[in-house]
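Each chain, letter by letter, is given below.
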Amino acid sequence: MRAVFKAAALLAISVALPGAGIALARAPETSLRPLPRPLAEAGSAAPVSAPLAAAVSQPAPRAARAEVVVPGVTLAAARSLRPQLRPQSLGTARTGSAPQAQPVAANPGFEAWKRGFRGRAMAQGISAATFDRAFRNARFMPEVIEKDRNQSEFTKSIKDYMDGAVSDTRVRNGRREYGRQSTLLSRIERSYGVPGRYIAAIWGLETAYGSYRGSTPLISSMATLAYEGRRGSFYEAQLIALLKVVQHGDSTPENMQGSWAGASGHTQFMPTSYLSYAVDFTGDGRRDIWAEDPSDSLASSANYLARHGWRSGQPWGQEVVLPANFDYGLANGPEKMPSAWARLGVRPARGEMRDYGQARLLLLAGSGGPAFLVFHNFDVIKRYNNADTYALAVGILGDRIAGAGDLTRPWPQGERVLKRAERIELQQLLTRRGYDTGGVDGILGSRSTAAIRAYQRSIGSVPDGHPSVALLTRLRR
Ligand SMILES: [Ca+2]
């Protein structure tokens, strides 16, 4: 059953949109992974930017799962952190040395790279025996290059992303797994201070609770990308990490399978993030995130969040309702205590609102969509995948898994993040009308937001500063 799922899963990547405060995701078609992955950090163990992941959609149609993705942006704009990483920009791939040959050994360029890399790996402590064992069945995978090159900017509406990420199926499956793994998740919560419901939510978004972990042989896919080039050093670092796994005996080359871009395990860690954050929670001496048993993977994700500053006892955020005539200049901006927000007329959509800490008002779809107050822990989740939509999905899905109801306000139909070309056009049109957008660079910062608000006031719209499709359409008239 899993094999069927894996074969059909798609990989999605999400990216953060600079300046707009909204994360986007793009979803390259991949071998297995429902979600997007993050980027890695250059040279360090910390994840860096990256295309993150998108969420997967439900397991429903076995073979054609849709993935959830957030509004898309180009990879080059990606910036996130997540246990996994991906290359940041797409450059021109080396040509000539990467024949599309089927025969494994018929790739002299790859073989030459392998000989060179063998020396570099040994210089970093990898034994000849480990290297040769890991590469015994490694091969150049033209299909991986194909996928890497075919990633393009695409957009998906926030509603479609959120509906997929927090679908009824994912909530239902999540409640089932949350029940099955209650003992494990409780132990993890006691050890790391991160509520099990959010770990379950990450598990659900990343691999549909372990159903779509990816079946691409990691040594081969990472070797292919390292050889091919655009971010050779990044992928060689991922390979070194995998070789360390083999050398230490945590797993075997045969068991190390994952998404074509390198993310693997129940919660999709990139190899270098694995080295820094994975833990052995089963106590067998091996940090095995590739095992069927999700214990090490789930505990590793909790450890990742804890190491990035998760504050025990603080929620990620909560849905709120704004008063009429609310000053939208306060959206996506300053942090205030919930009691201060309450004095401005902001009310909890459900339950009570307590002063857990400073919170900012998050509006991803403008005044026409749901509003949230988000705390420090929301940003900690973003270290896993630097997209507001992803962090929101983790928070909302986690709460729903633990029994909470749906949002009180729906996401608006059709609202999506503007593509880069559209953002530039928006700035050009506003500038032409005399509004100062602080330049025309496709990055919607505070000046552009202020310009949008001024324009909205001039036409009698709610001045929420949100760069909507409708606003662009109107400006074009
Ligand atoms: Ca273990």
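Remember, predicted model here, so these are calculated numbers, not experimental data.

K.L.:
Whenever I open this one, the pairing of strand E9 (residues 317-321) confuses me. Can you help?
P.N.:
Along any regular strand, the residues point their side chains to alternate faces of the sheet. In terms of residue burial, E9 counts as a mostly covered element, since 4 of its 5 residues are buried. Relative to strand E13 (residues 371-374), E9 is paired through 4 bridges, and the arrangement is antiparallel. Looking across to E13, one finds that Val320 is bridged to Ala371. Sheet topology places E9 next to strand E11 (residues 347-348); 2 bridges connect them, and they run antiparallel. Bridge pairing links Val321 to Arg347 in E11.

K.L.:
Where do I start with the sheet that holds strand E12 (residues 359-362) in this structure?
P.N.:
Across a sheet, strands are paired by hydrogen bonds formed along the backbone, either parallel or antiparallel in direction. Pairing within the open sheet is antiparallel, and its 5 strands lie in the order E10-E12-E13-E9-E11. Two strands in the sheet have a free side with no partner beyond their single neighbour: strand E10 (335-336) and E11. Pairing of E10 with E12 involves 2 bridges; the strand directions are antiparallel. Directly across from Glu335, in E12, lies its bridge partner Arg360.

K.L.:
How do you make sense of the nonpolar core when you look at a structure like this?
P.N.:
The tendency in soluble globular proteins is for nonpolar side chains to be buried side by side. Among the nonpolar cores identified, the biggest contains 101 residues, and Ile199, Met222, Leu242, Leu243, Ala393, Val394 and Leu397 are the most heavily contacted of them. Sequence-distant contacts of Met222, defined by excluding residues within four places in its chain, comprise Tyr235, Gln238, Leu239, Leu242 and Gly262. Of all hydrophobic cores here, the second largest spans 8 residues; its members include Val417, Leu430, Ala451 and Ile452.

K.L.:
I keep staring at helix H12 (residues 295-307) and nothing clicks. Help me out?
P.N.:
At 3.6 residues per turn, the α-helix brings residues three or four places apart onto the same side. Taking 1.5 Å per residue as the helical rise, H12 with its 13 residues ought to reach 18 Å, and the 18 Å between its terminal C-alpha atoms agrees with that figure. Of all the 13 residues making up H12, 11 are buried; the element is thus mostly covered by neighbouring parts of the structure. The set of residues buried in H12 consists of Ser295, Asp296, Ser297, Leu298, Ala299, Ser300, Ser301, Ala302, Asn303, Tyr304 and Leu305. In this structure, the buried side of H12 is in contact with helix H7 (182-192), helix H8 (196-207), helix H11 (271-277) and helix H14 (376-382). Two residues or fewer past H12, Gly309 is found with a positive phi of approximately 95°.

K.L.:
When you look at unusual backbone geometry in this model, what are you seeing that I'm missing?
P.N.:
Residues other than glycine predominantly adopt negative phi, and peptide bonds predominantly adopt the trans conformation. Positive phi outside glycine occurs at Ala208, with the angle close to 50°. Classification of Ala208 as buried rests on a count of 27 C-beta atoms within 10 Å. With phi around 60°, Tyr209 is a residue other than glycine that occupies positive phi space.

Parameters and conventions
Counting starts from 1 at the beginning of each chain's written sequence and moves along it residue by residue. Two thresholds apply to this predicted model, a pLDDT of at least 70 for residue-level local features and 80 or more for giving and counting side-chain atom pairs, whereas whole-chain, interface and lining totals are computed over all residues. With C-beta atoms placed from the backbone, a residue counts as buried when 20 or more other C-beta atoms lie within 10 Å of its own, as exposed when 12 or fewer do, and as partly exposed for counts between those limits. Numbered from the N terminus, helices here are DSSP runs of H or I no shorter than four residues, and strands are runs of E no shorter than two. Strands are labelled as partners when DSSP assigns at least two bridges between them. Structurally, a nonpolar core is described as a collection of buried Ala, Val, Leu, Ile, Met, Phe, Trp, Tyr and Cys residues joined by way of C-beta atoms within 7 Å. Note that contacts rest on C-beta atoms placed from the backbone: two residues are in contact if these are within 7 Å. Helix span is expected to be 1.5 Å times the residue number reduced by one.

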